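Remarks on the overall topology
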Amino acid sequence: MSSPGSAQESAPASRRSKITPERAQELYTAVLDLLRESGYDSLTMEGVAARTRCGKSTLYRQWGSKPELVVAALHATSRTLLSTIDTGSLRGDLYAVAATFDDTDRDTALMHALTHAALQSPELLCALRETLIAPSIAAIDTMVKRAIERGEIAADNPAAPYVAAQLLGIMRARPLLPGRYAGEGFLVRFIECAVLPALGLPAPPPGP
């Protein structure tokens, strides 16, 4: 049975209205903000229209459905900040990762908002992996590879393949424990107490 508005959702691409890149970015920002605030299930095209003062029919003509709009927003706002990190040492790189994620708690909140919904939607799951998860894993794996090439850690160190999983996993789990996101201070302590020892790298001496 077709759902209400299905005719709008199946509108052909030729009827789509023209939206400037700047206006599209405003819409994408609103979509992600609403996801962080109330989750995927509560996100509606009506809510996006109200937040952005955009006609609901315009949203349907341009993107067709809520999943399509969310996927477009994820692709348009994907981050590649970690790929620019190269301090010359793995310890320095991981500290820089911690500092970066301290500034991107909004991305962590977004991942939490989308995780459950993504498990029900292959399209959404694929977009989440491509735009938020895979780039972060690839960047951290590259840091570890550089460390092996520099001789900082052994190529056969069994912990080396799991650095990305450790960091991304703790950020995912942290809010479930004390109800706070994993900011820079927590991540630095985690790196020093859990990640570096597993890699055979000594943690720096405690400060005064």
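It should be noted that the structure appears before, not after, this text.
Keep in mind that this is a model prediction, so the values were computed, not measured.

**Details of the overall build of the protein**
For the protein, the helix and strand inventory stands at ten helices and zero strands. For the protein, with 208 residues in total, the buried portion stands at 41%.

**Some words on the nonpolar core**
By size, the foremost hydrophobic cluster in this structure holds 30 residues, and its most contacted members are V31, L35, L59, V70, L74, L114 and L124. Here this core takes seven residues from helix α2 (residues 21-38), the largest share from any one element. Those residues within four positions of L59 in sequence are excluded, and the remaining contacts are L27, M45, V48, A49, C54 and G64. If you look at the next biggest cluster of nonpolar residues, it comprises 28 residues, including I85, V97, A139 and A147.

**Description of the pattern of salt bridges**
Under the definition given, this model contains seven salt bridges. In this structure, R23 engages E26 in a salt bridge whose closest nitrogen and oxygen atoms are separated by 2.9 Å. Remark: E26 and R23 occur in helix α2; sequence separation between them is three residues, near one turn of the helix. Note on R23: relative accessible area 23%, which makes it partly exposed. Under the relative-accessibility criterion, E26 is labelled partly exposed at 45%. We note a salt bridge from R36 to D33, for which the minimum N-O separation is 3.1 Å.

**Some points on helix α9 (residues 163-173)**
Within α9, the full set of buried residues consists of V163, A164, L167, L168, I170 and M171. Each buried residue of α9 sits inside an arc of 160° when the element is viewed along its axis, so together they form one side.

Conventions and cut-offs
- Residues numbered from 1 in each chain as written.
- Predicted model: local features only at pLDDT ≥ 70, side-chain atom pairs only at ≥ 80, totals over all residues.
- Heavy atoms only, no water.
- Helix = DSSP H or I, 4+ residues; strand = E, 2+ residues; numbered from the N terminus.
- Buried < 20%, exposed > 50% of the residue type's maximum accessible area, 1.4 Å probe, protein only.
- Core = buried A, V, L, I, M, F, W, Y, C linked by side-chain atoms within 4.5 Å.
- Contact = heavy atoms within 4.5 Å.
- Salt bridge = Lys/Arg side-chain N within 4 Å of Asp/Glu carboxyl O.
- Arc of directions from axis to C-beta.

That is the geometry; function is a separate question.
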